[in-house]
Structure formats: C-alpha cells, structure tokens
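Structure at a glance
Take a look at the letters that make up each chain.
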Amino acid sequence: MSTPNPVPDAGAFDRLWADLAPVGRDAGSGGYHRFSWTGADTDARAWFTEAAAARGLDVRTDRNGNLWAWWGTPGPGAVATGSHLDSVPDGGAFDGPLGVASALAAVDELRRRGVTPARPLAVVVFVEEEGGRFGVPCLGSRLATGEIAPERARGLTDAAGVTWERAMEEAGLDPLGLGADPDTLGLLDAFVELHVEQGRALADTPHPVGVAGSIWPHGRWRMDFTGRADHAGTTRLADRNDPMPPFAHAILAARSLAEAHDARATVAKAVITPNGTNAIPSLVRAWLDARAADEDALGAVVEGVREAAEKAAREHGVGLAMTNESHTPLVSFAHDLRDRLAAVVAAGSARGEGLPPSTDTGVPVLPTGAGHDAGVLAAHVPTAMLYVRNPTGVSHSPEEWASPDDCHAGVAALADVLQDLLAR
Ligand code: HGY
Ligand code: MN
Ligand code: MN
Ligand code: MN
C-alpha cells in the first residue's frame, strides 16, 4: 500500500471536514443540492470564507464570483490550489469540497512544517463548476479565462428563469464586472487541483493518490424537439406531431454510438412541456452530455445523434434544433508539472513506507472523463491535478466516498507538492 508520508496532524483536515460535510446535505438521500448563489452554496462559501480568514488568509471575491484566499500579498509567481463547492443535484460530498478542504488543511500542514512560502499562495473556490443551476459547467473559471463572453453568462437562466446577472446581484456582487481576469490568472505560475477520483481508476490499486494525465474532450448539446400539443385520447397517431418518439430515438442513438466509439454519452436531463399525462407535448428540451478519448470519436457520437434525431424528427413531423452549449477540448496536463507532481507524490509515498525517497512507487498518472476547472485553466496557466482514491468508483451520487486515511494521504501529497512549488 503506497501511502504518502502521513499528515502528523490529520485532525486539521478532520476538523475542516466535520464543519463542511453537513452544509447542504439532504437528510433523506445524504446527497447535496448546492446550486450557485442559493442557500446551501451560500452557506458553503460562508464556511470557506470563515475557515480561510481563521487562517489569516486574505479572502477576496473576484469579478466573476470566484473566491481567492491569499497567503501572502497577491503577486507574480503565485501558486494556487483549490476546486469548487457547488454540486450536481443530489451529488456526493467529495466532488469539489474535498479539494477545497484539503487545500486549507495543506496550508495548516505547511505551517506545521514551518514552511515560509517564497511565493504567494492562493486557495481558490471556483463558482458554478457543475453548471447545475445555469447549465454551463466551469462557468466561473471559463469567465476568468475569457473562454465565455460576459454577455452570454449574464443571460444564462436557471429553471425558474433567474439570470446569472440577477443571481449575482442578489449575492451582492456587481454582474457588470464579469469577464476575463488576466490580472489574477496572470499572477499564477501554477495551479494544482486535488479532486476525488470519480471512477474506478484508483479503486482497485494500492495507491490512495494519483496524478492527472489528461481530461477527455467533452461537451453538452441542447436538443429542442418542437411538436404540437394535442389530446392524448382523441388524436390519431397519423395526425400527431409528437416530440417524444424522436427524443427516444436520440437517447438510443447516443447509447449505441457511445458503445461503437468506446465513448460516453448521457441524456439525463429533459424538460417536457406541458408535461401532462394526457397532453401530447409541444416541446421536449433535453441535453446530451458526450465525452470521448479524442475529438474524432466525440464528433462521431454527436453527429451520429444529430442525424438519428433529425431523421426521427422528420418522420414524426417534429422540429429539431441541436445546439452546442459547452465544449472542452482534450486537456493534456503540462508534462513537466505533471511529472514533477508525480515525483513529489512518489517520494512522499516512499517516505511513508520507510523507503528511500528516490524509490519509484508507481504513482498512477490517469486519464479521466470528468471535467474540472483545472481543465479550463490548463490552457492559460501551468496546471496539474491530484486524485484521491474513491473505493466506491461512484460519483455524482450520495454514494461517492473517500476514506479518512486516503483523504489524509491526499493532504500530505498536496502539502508536499505545494511545498515543492512554493520553494522554487
Ligand atoms: O461533469 C463533470 O465532469 C464534472 O463533474 N463537472
Ligand atoms: Mn462533478
Ligand atoms: Mn468536480
Ligand atoms: Mn380533456
């Protein structure tokens, strides 16, 4: 079992986690409903602000609503670490929060080691990473990098029609300040995100910590099937313009194309209007989440779904508009930083096992199909990721889990990595 040198004061993480984990947890399912700028997300952000301030960090909210907690005066050569606090509907406890709590615990560990950073360090919380409320994932980091235009972001709406602009105003922020933030990102020499592993890549290995190698190309496409509302009992089949059969064809096409291309395609969200048992729908609005190891496979899946959906729409006298809402190209994390992290984590593992730090403990470097803010920043800042083992192999579910020992190993590895980066 490879264990980075254990965190002598594991209590620092445990105390942080004991405070954060209950915030927004559903008493019934055990899942989380932390949607940007709403109660549970606001409470989690308040927790972060308090915990960071208690460590003497200077907490600032940037123009896009991301939180930055600085150890040292913000300046060039800075190192940042962090993740997100928002969740998918009924999400797990660790996806996002583990990276944030571990970052604060790593600050505690660095101080316990007597480290005086030679560079500024920021702990960051990106907003709307899941896109769970406004539909575009990594919205906070995409705004900061300039990847998404402020005008588009301001107009994004949630299920109740509330715009991002109004949600920010209600959170006490100025939505007119939205936009690329080179002044902040330009300070960073490195960004490291620690994240719970969201599949089985570490679950069946002796490694509690892995390093990210790449993130698959992935994206979201909205499909609007426009039919004609009518009576379920009096309308003959030949007279119908029912959007549901083409919708069903799109789902089945996504599944078979994903199998054919060893890709992943999911249709998990749909809004049916008027959504009445005995009323043929006038509109089905649904979203395709597609991901593949390369752009060719991703394109083949998406265009195959489009063709199948368009064919079925024609046959049923239904309109179809399929539009791309977000797309992240293949992310290959910078090899030098990735390999540096792997070496530091391996040395920590070796020390943890009483072996010479030069021992190659085989720390895994992993591809993933999960998107992250690190995947957005990687095109702008030298970026790397650490993964913490998830024995369940399940994520975006209350079942998602990481053991306390593995969380501590993650904090130790993150502290080792930050100590290495801050010393240069
Ligand atoms: O959907 C994702 O891959 C990430 O969890 N936002
Ligand atoms: Mn997620
Ligand atoms: Mn995440
Ligand atoms: Mn009737």
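Everything numeric in this text was worked out from a predicted model, so none of it was measured. (Residues numbered from 1 in each chain as written. Chains lettered and ligands numbered in written order. Predicted model: local features only at pLDDT ≥ 70, side-chain atom pairs only at ≥ 80, totals over all residues. Heavy atoms only, no water.)

Further remarks concern the side chain of Arg119. Positionally, Arg119 belongs in the loop between α3 (97–112) and β4 (121–126). A polar contact is formed between the side chain of Arg119 and the backbone oxygen of Gly77, at a distance of 2.7 Å. Excluding residues within four positions of it along the chain, Arg119 makes contact with Gly77, Val79, Asp189, Leu421, Leu422 and Arg424. (Helix = DSSP H or I, 4+ residues; strand = E, 2+ residues; numbered from the N terminus. Polar contact = N/O pair within 3.5 Å; in protein donor to acceptor, adjacent residues only side chain to side chain. Contact = heavy atoms within 4.5 Å.)

What follows concerns the pattern of salt bridges. Counted by the stated rule, this structure contains 23 salt bridges. Residue Arg200 pairs with Asp204 through a salt bridge whose shortest N-O separation is 2.8 Å. What makes Asp204 exposed here is its relative accessible area of 58%. Between Arg285 and Asp224 there is a salt bridge whose closest N-O contact spans 2.8 Å. Remark: Asp224 occurs in strand β7 (residues 218–226) and Arg285 occurs in strand β11 (residues 283–291); sequence separation between them is 61 residues. By relative accessible area, Arg285 is classed as partly exposed at 28%. Asp224 gets classed as buried once you look at its relative accessible area, which sits at 9%. (Salt bridge = Lys/Arg side-chain N within 4 Å of Asp/Glu carboxyl O. Buried < 20%, exposed > 50% of the residue type's maximum accessible area, 1.4 Å probe, protein only.)

What follows concerns the site of ligand 1. Within the structure, ligand 1 sits among Asp95, Glu129, Glu130, Gln198, Arg291, Ala370, Gly371 and His396. Glu129 places a side-chain nitrogen or oxygen 3.1 Å from a nitrogen atom of ligand 1. Interatomic distance of 2.6 Å between a side-chain N/O atom of Arg291 and an oxygen atom of ligand 1. When the free accessible area of ligand 1 is taken as 210 Å², the share hidden by the protein chains comes to 94%. Class assignment for the residues of the shell around ligand 1 results in one nonpolar, three polar and four charged. (Near = heavy atom within 4 Å. Areas by Shrake-Rupley, 256 points an atom, 1.4 Å probe, with all protein chains shown as cover. Nonpolar A, V, L, I, M, F, W, Y, C, P; charged D, E, K, R; others polar.)

In this structure, Asp95 (OD), Glu130 (OE) and His396 (NE2) serve as the protein donors to the manganese ion (ligand 2), at separations of 2.0 to 2.2 Å. Along the chain, the residues donating to the manganese ion (ligand 2) are arranged with the sequence spacing D-x34-E-x265-H. (Donors = N, O, S within 2.8 Å, 3.2 Å for Na, K, Ca; no water.)

This part takes up the nonpolar core. In this structure, Trp47, Phe48, Leu104 and Leu386 are the most contacted members of the largest nonpolar core, which totals 60 residues. If near-sequence neighbours (up to four positions away) are discounted, Trp47 is found in contact with Leu16, Asp19, Leu20, Val100, Ala101 and Leu104. (Core = buried A, V, L, I, M, F, W, Y, C linked by side-chain atoms within 4.5 Å.)

Moving on, we get to the UniProt feature "binding site: allantoate" (unreviewed entry) in the protein chain. With numbering matched to this structure, UniProt assigns "binding site: allantoate" (unreviewed entry) to Arg220, Asn278 and Arg291. In three dimensions, the annotated residues from a span of 72 residues occupy distinct locations, with a maximal C-alpha spread of 35.6 Å. Structurally, Asn278 can be placed in the loop between β9 (264–273) and β10 (279–280). Relative accessible area serves as the criterion here: at 52%, Asn278 is assigned to the exposed category. Ignoring anything within four residues of it in the chain, the contact list for Asn278 reads Asp230, His231 and Ala232. Its location among the elements puts Arg291 in strand β11. Aside from chain neighbours lying at most four places away, what touches Arg291 is Trp216, Pro217, His218, Ala263, Arg264, Leu298, Gly369, Ala370 and Gly371. Within polar-contact distance, the side chain of Arg291 engages the side chain of Asp289 at 2.7 Å. (UniProt positions renumbered as here; feature names shortened; annotations may be inferred.)

As recorded in UniProt, the sites labelled "binding site: Zn(2+) 1" (unreviewed entry) are His84, Asp95 and His195. Spatially, the listed residues are clustered: although they cover 112 residues, their C-alpha atoms lie within 9.6 Å of one another. Residue position: Asp95 is located in the loop between β3 (78–84) and α3. On the basis of relative accessible area, Asp95 is assigned to the buried category, the value being 5%.

Further remarks concern the pairing of strand β15 (residues 383–388). Among the six residues in β15, six count as buried, and that is most of the element. The two faces of β15 match: Thr383, Met385 and Tyr387 on one face and Ala384, Leu386 and Val388 on the other face are all buried. Here strand β6 (residues 209–215) runs beside β15; their pairing, made up of three bridges, is antiparallel. Bridge pairing in β15 links Gly210 to Tyr387. (Pairing = 2+ DSSP bridges.)

Over its 17 residues, helix α8 (residues 244–260) extends 24 Å from the first C-alpha to the last, a length consistent with the 24 Å expected when each residue adds 1.5 Å. When α8 is considered as a whole, its buried residues turn out to be Pro246, Phe247, Ala250, Ala253, Ala254, Leu257 and Ala258. The buried residues of α8 occupy one face: seen down the axis, they fall within an arc of 125 degrees. Among the exposed residues of α8, those oriented more than 90 degrees off its buried face are Leu252, Arg255, Glu259 and Ala260. At its buried positions, α8 is contacted by β7, β9, β11 and α9 (295–315). Residue Asp262 follows α8 closely and has a positive phi angle near 50 degrees. (Expected span 1.5 Å × (residues − 1). Arc of directions from axis to C-beta.)

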